[in-house]
Every structure is written in structure tokens, then in C-alpha cells.
Amino acid sequence: MPALLAWLLMLLAKNSIQLRNEFTPKPWIAAAAAMMFICCALQLQKVSEFLYFNF
């Protein structure tokens with residue numbers, strides 16, 4: 001059964017070239033990605049405790 005599902009997914013899903021050709025950038029997606037990047041970059045500056053276990 002999983003092999004049949006994988007086979008159907010392979011035949012029916014779009015490949016990366018088809019997805020690229022249909023892609024249209026949207027400003028709100030770019031803004032959301034920028035905000036997530038900024039949040040991640042700001043989280044890197046926090047000091048966190050790193051513990052060595054089982055050494």
C-alpha cells in the first residue's frame with residue numbers, strides 16, 4: 001500500500017521545474033519571510049546555557 005501511494009504521488013505531483021514556472025512572488029510572503037529571518041537572527045544573540053551530558 002505505501003508503494004502504491006508513493007507511485008501515485010510520483011505520477012501526479014508537479015516537479016520542481018513546473019513549480020518554478022508557476023511561482024509568482026507575493027509581497028506579503030516576502031515580508032513574512034523577512035520578519036521570520038529577523039526574529040531568528042535576534043534569537044542568535046541570546047545567551048543560553050549549554051550542558052555537556054554523558055562525557
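Residues numbered from 1 in each chain as written. Predicted model: local features only at pLDDT ≥ 70, side-chain atom pairs only at ≥ 80, totals over all residues. Heavy atoms only, no water.

Asks: For this particular structure, what's the right way to read the overall build of the chain?
Replies: Scanning the chain from N- to C-terminus turns up three helices and zero strands. Going from the N terminus to the C terminus, the chain shows its helices and strands as α-α-α. Relative to the globule expectation of 10 Å for 55 residues, the C-alpha radius of gyration of the chain, 21 Å, shows a markedly less compact shape. Projected onto its principal axes, the C-alpha positions of the chain cover 50 × 40 × 15 Å. Counting every position in the chain, which comprises 55 residues, the buried fraction comes to 0%. Counting only carbon and sulfur atoms, one obtains 73% of the accessible surface of the chain, whose full area is about 5900 Å². (Helix = DSSP H or I, 4+ residues; strand = E, 2+ residues; numbered from the N terminus. Rg over C-alpha atoms; globule rule 2.2 N^0.38 Å. Buried < 20%, exposed > 50% of the residue type's maximum accessible area, 1.4 Å probe, protein only. Areas by Shrake-Rupley, 256 points an atom, 1.4 Å probe, with all protein chains shown as cover.)

Asks: I would appreciate a short explanation of a nonpolar patch on the surface in the present structure.
Replies: Together, M1, L4, W7, L8, M10, L11 and L12 give the surface a local cluster of nonpolar side chains, amounting to about 840 Å² of exposed area. In this fold, L11 is placed in helix 1 (residues 2-12). (Patch = residues over 30% accessible without salt bridge, like charges linked within 9 Å, V, L, I, M, F, W, Y side chains within 5 Å. Salt bridge = Lys/Arg side-chain N within 4 Å of Asp/Glu carboxyl O.)

Asks: What should I look at first to understand the pattern of salt bridges in this one?
Replies: Pairs can form between side chains of opposite charge once their charged atoms are near each other. Counted under the stated rule, the structure contains one salt bridge. The shortest N-O distance in the salt bridge between K14 and E22 comes to 2.6 Å. When its relative accessible area of 45% is taken as the criterion, K14 is described as partly exposed. Here E22 falls in the partly exposed class, since its relative accessible area comes to 48%.

Asks: What's the story with the confidence of the model for the chain in this structure? I'm lost.
Replies: Close inspection of predicted coordinates is inappropriate in any region flagged by low pLDDT. Mean pLDDT over the chain works out to 89, with 96% of the residues at or above the 70 mark. Taken element by element, the predicted model of the chain shows its lowest mean pLDDT in helix 1 (90) and its highest in helix 3 (residues 27-43) (95). (pLDDT = per-residue confidence, 0-100.)

Asks: Would you take a moment to explain the state of the cysteines for this structure?
Replies: Two cysteines joined by a covalent bond between their sulfur atoms form a disulfide. Under the defined criterion, the tally for this structure stands at zero disulfides. For C40, which is in no disulfide, the shortest distance to another cysteine sulfur is to C39 and amounts to 6.9 Å. (Disulfide = S-S within 2.5 Å.)

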